[in-house]
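As a plain string of letters, each chain reads:
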Amino acid sequence: MAFGIGLAIALFLGTLLLLGAGHDPLRIYSRMFEASLGDPDAWAITLNRAVPLGLAGLAVAIAGSMGLWNIGAEGQIMAGAIAAAWVARIGGDWPGFALITAMLIAAIGGGGLLAVGPAVARAKLGVNEIITTLMLNEVAIRLVQWLVHGPWKDPDSFNFPLAPMLPDQARLPTLFSRAHFGLLIAAAVIVMASVAVRYTAWGYELRIAGSSGATARYSGISLPKKVLTVLVLSGAVAGLAGGVELAGTADRLTETISNGFGFAGIIVAALALMRPSGVAAVALLFGAVQIGGQSIQTLGVSSSVSTILQAFVLFGAIGAGVFSRYRLSLDGGSHSIPEKAKS
Amino acid sequence: MTQTSTPGEEAQLSVELAGIWKTFPGVVANAGVDLAVRRGSIHALLGENGAGKSTLMNILAGVYRPDSGELRIQGLQHQFRNPADALSAGVGMVHQEFRLIPSFSVAENVVLGAAPSVIKTRQIERDVAAISHKFGLKVEPSQPLWQLSMGERQKVEILKVLWRDAQVLILDEPTTVLTPSEVDELGDILRRMANDGRSIVFISHKLHEVSGICDEATVLRQGKTVAGSLDMATTDSDELAHHMVGTSPAIATRPEAATPGRPLLELRNLSADGDRGVCAFSDVNFKINSGEIVGVAGVAGNGQRELADVIAGLRSPSKGTLMMDGTDITAASPRRRFQSGLAYIPEDRLGVGLAPRLSITDNAILRVYRQQRRGLFILAEKAMAYCSEIVSRFGVRSGDLNGPIATLSGGNLQRLLVGRELDGEPSVVVASQPTRGLDVQGVKAIQDLLLDQRNRGAAVLMISEDLDELLTLTDRLLVMEGGIIRAEFDPGTASRHEVGMAMLSHAQVTAQS
């Protein structure tokens with residue numbers, strides 16, 4: 001219900017925007033829809049985009065459900081991709097299943113490793129994890145740049161900063177059209193994380209700590225230990241996103257391997273209200289909007305108008321869901337009472 | 001604005017509040033309060049916690065709007081819609097929590113929110129320096145705020161109000177953040193402002209400070225004025241304390257004394273620091289025996305909260321030993337303490353005892369979720385069954401048990417929390433402000449539960465600001481003031497007045513003993 005109203009508002013605002021920019025809204029909207037959800041091929045592209053968005057969003061949401069901000073998913077994705085690419089380099093002659101498994105495990109390790117520093121600093125010394133994770137993005141970017149410009153540069157790349165193509169057995173199998181196996185990996189990880197947070201004792205402690213650190217201490221939950229595991233886990237999930245993106249979509253390590261997914265993941269997680277269970281749906285919508293938004297640029301819509309349009313749809317559709325949880329109070333008091341959503 | 005007062009105007013009133021009423025949902029904070037403050041005087045507003053002092057001052061400062069009543073400043077009637085209205089009428093408030101920006105300089109903080117569109121730093125610093133020189137507020141205008149002590153920050157807050165040319169200054173418990181020598185200095189500063197023709201309203205519940213600083217005093221109790229504009233020169237602190245705590249006899253009959261058994265909780269030379277690293281309490285020694293309720297009386301902020309936290313294991317003592325039933329638990333974790341039979345009902349219910357954003361069930365199982373696991377999972381049915389048992393046994397009125405805890409009313413929150421803590425038949429119960437803010441039924445229910453624990457043979461520590469409650473329920477009553485156990489009373493024979501005096505002024509107790 002709220003979703004529909006929000007979408008309608010977004011489309012209306014978008015119409016005004018497109019008319020103002022001199023475009024035919026109907027033509028633009030139908031192209032957006034066709035390119036993202038119109039046929040199985042379009043679905044495949046959208047799903048491939050939703051996979052890294054969903055995993056990055058999950059990474060941020062895991063930390064967020066404990067009140068921590070992992071702003072470093074972007075760098076952790078790169079670290080995961082680097083680790084996976086490294087395994088592919090040394091294990092080029094391994095059988096496919098073993099190679100891919102090893103790559104993804106390495107990706108998890110790489111992302112987790114990049115989060116260890118901020119996690120320890122936060123848990124032991126109380127250093128703000130927002131700053132440290134953000135700064136490590138820069139480190140990961142430079143590392144990728146150095147690798148693809150230097151030691152890992154493909155001699156056949158005509159001097160472009162690209163690592164060599166992955167061997168065929170290092171690529172994820174496809175499910176249908178171009179949709180790759182990463183979809184099932186992401187779905188499984190999101191389900192596992194949602195179940196873990198909702199139904200396990202570990203998740204219970206996480207939710208207590210996220211709701212009130214003082215209550216966690218009161219009941220004997222060790223906060224430093226929790227902070228450490230949660231931040232490293234968050235980094236590991238982001239790292240997995242990097243590995244899946246490398247082996248599923250990119251097929252080679254490039255400077256732009258993370259493609260902003262780590263930052264988009266923050267938006268995904270925030271719109272999912274930091275709930276792992278909400279990440280999948282948001283990521284799918286986000287993916288569809290991104291793919292649709294990119295497609296209309298071929299119709300002469302400038303990239304900035306396209307980006308604004310994407311933002312309208314995202315915030316209209318999901319933001320409405322967020323606001324429908326509040327009740328407007330008109331008695332002059334500035335308190336709005338959060339209510340459990342009825343939908 | 002008002003010029004320096006001429007002798008003829010001196011007797012005039014700068015603040016007149018008449019018949020002020022203010023209710024919040026379920027609470028009457030002010031029930032027809034009157035207050036009159038003479039121009040050029042320092043006026044103390046006294047009262048126990050919850051007497052309505054802060055509400056009244058927030059009304060005077062334009063933060064709250066009264067339900068009814070009249071408000072006159074310098075003889076003119078006003079209806080303030082917001083603090084800016086009050087400021088333009090010359091009323092400024094220095095709140096207990098400072099509203100300052102650490103990275104800004106003193107001068108920038110002073111003009112914050114009222115700065116001219118072009119900020120001439122030098123000019124402002126000179127203006128601020130002039131005001132601080134005039135009233136003896138020693139701070140350097142160009143110094144960044146983060147370098148300042150709490151006492152200096154308070155001076156910045158006072159400067160903020162003076163820079164806006166307030167003629168009436170309200171200081172909400174200004175001495176809580178100050179060292180004794182800073183308190184003396186504050187007294188001098190306030191005197192200079194009064195001599196300049198300004199009026200100061202000084203909110204406090206510390207009698208010995210008030211008598212040194214203030215000219216007049218008004219005492220509030222339970223939302224009403226019980227004594228207006230007493231002349232401090234002719235009123236002794238005995239009389240003030242009498243007004244503050246009242247003389248109402250203990251209403252309920254005392255429960256039969258139980259026969260105390262062996263000591264279950266023992267504190268030996270226990271000391272601990274507060275949040276700001278200053279000593280919160282020192283060398284506390286007492287024992288609680290099986291079948292005994294020991295009460296700790298005291299005005300908030302005298303170390304009771306920290307004492308409860310140390311016993312529960314949420315704060316490390318700086319010194320001393322804590323024994324439970326003969327075992328040293330000084331270093332035990334909160335979970336270990338609970339498992340060995342120590343229940344803790346914290347003062348902060350939603351936020352320490354209960355997790356605000358989780359469901360009723362999630363909160364009910366906080367102490368026992370580890371026993372409801374199968375493998376990694378918490379068994380939902382088991383958790384639910386446990387929660388409904390607590391809910392029915394302790395009379396928690398609730399809707400959906402999977403609904404958010406915040407849907408429960410204050411009394412039901414406390415029943416759930418107390419029920420959860422008492423469910424495992426603990427041997428020691430620490431209850432901090434267990435009945436604060438509850439309605440009559442809720443108070444009775446919680447008090448009965450604590451008495452049941454005593455009669456069952458548990459050792460109960462009850463920390464409260466409600467003297468009547470302590471005198472009625474406890475078997476022994478300790479008074480804590482300034483982080484020290486000042487006195488011990490037998491609640492059966494002690495008078496409310498005696499205990500109140502010990503709570504309020506250290507000086508009086510030493511004089512008596």
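Being a predicted model, the structure only gives us computed values, none of them experimental.

What follows covers helix 9 (residues 304–312) of chain B. Most of helix 9 of chain B sits out of view: eight of its nine residues are buried. Looking one or two residues past helix 9 of chain B, G313(B) carries a phi angle of roughly 90°, positive in sign.

We now examine the interface of chain B and chain A. Taken together, the contacts link 27 residues of chain B with 20 residues of chain A. Surface buried jointly by chain B and chain A totals about 2,000 Å² across both partners, of which 57% is contributed by carbon and sulfur atoms. Among the residues chain B hides against chain A, the three largest losses belong to L314(B), L366(B) and Y369(B). Together they make up 23% of the total. The interface formed by chain B and chain A holds three salt bridges in total. Between R207(A) and D362(B) there is a salt bridge whose closest N-O contact spans 2.6 Å. Counting across the interface, chain B meets chain A through 18 residue pairs in polar contact (both at pLDDT 80 or more). Counting only elements with at least two residues in the side of chain B that touches chain A, the list comes to helix 10 (334–339), strand 18 (377–378) and helix 13 (410–422) of chain B. No other element matches the three residues that helix 13 of chain B contributes to the side of chain B that touches chain A. Residue classes in the side of chain B that touches chain A are distributed as 17 nonpolar, two polar and eight charged.

Once the charged atoms of two side chains with opposite charge are near each other, the side chains can pair. Overall, the coordinates contain 37 salt bridges over all chains when judged by the stated rule. The closest approach of N and O atoms between R81(B) and D85(B), which form a salt bridge, is 3.4 Å. Judged by its relative accessible area of 56%, R81(B) is exposed. Among the charged side chains, a network of salt bridges with common partners joins E205(A), K226(A), R335(B) and R370(B).

Residue and element names in this part refer to chain A. Direction vectors running N to C along helix 8 (residues 201–211) and helix 10 (residues 223–250) enclose 105°, while the axes themselves pass 11 Å from each other. On the basis of their axis angle, the class for helix 8 and helix 10 is roughly perpendicular. Facing W202, E205, L206 and A209 of helix 8, the residues of helix 10 in contact are L223, K226, T229, V230 and L233.

Rules of the game
Residues numbered from 1 in each chain as written. Chains lettered and ligands numbered in written order. Predicted model: local features only at pLDDT ≥ 70, side-chain atom pairs only at ≥ 80, totals over all residues. Heavy atoms only, no water. Buried < 20%, exposed > 50% of the residue type's maximum accessible area, 1.4 Å probe, protein only. Helix = DSSP H or I, 4+ residues; strand = E, 2+ residues; numbered from the N terminus. Contact = heavy atoms within 4.5 Å. Buried area = accessible area lost by both parts, 1.4 Å probe. Salt bridge = Lys/Arg side-chain N within 4 Å of Asp/Glu carboxyl O. Polar contact = N/O pair within 3.5 Å; in protein donor to acceptor, adjacent residues only side chain to side chain. Nonpolar A, V, L, I, M, F, W, Y, C, P; charged D, E, K, R; others polar. Axes fitted to C-alpha atoms, helices over the stretch in contact; angles between N-to-C directions. Parallel < 35°, antiparallel > 145°, perpendicular 65-115°, else oblique.

None of this, on its own, says anything about what the molecule does.
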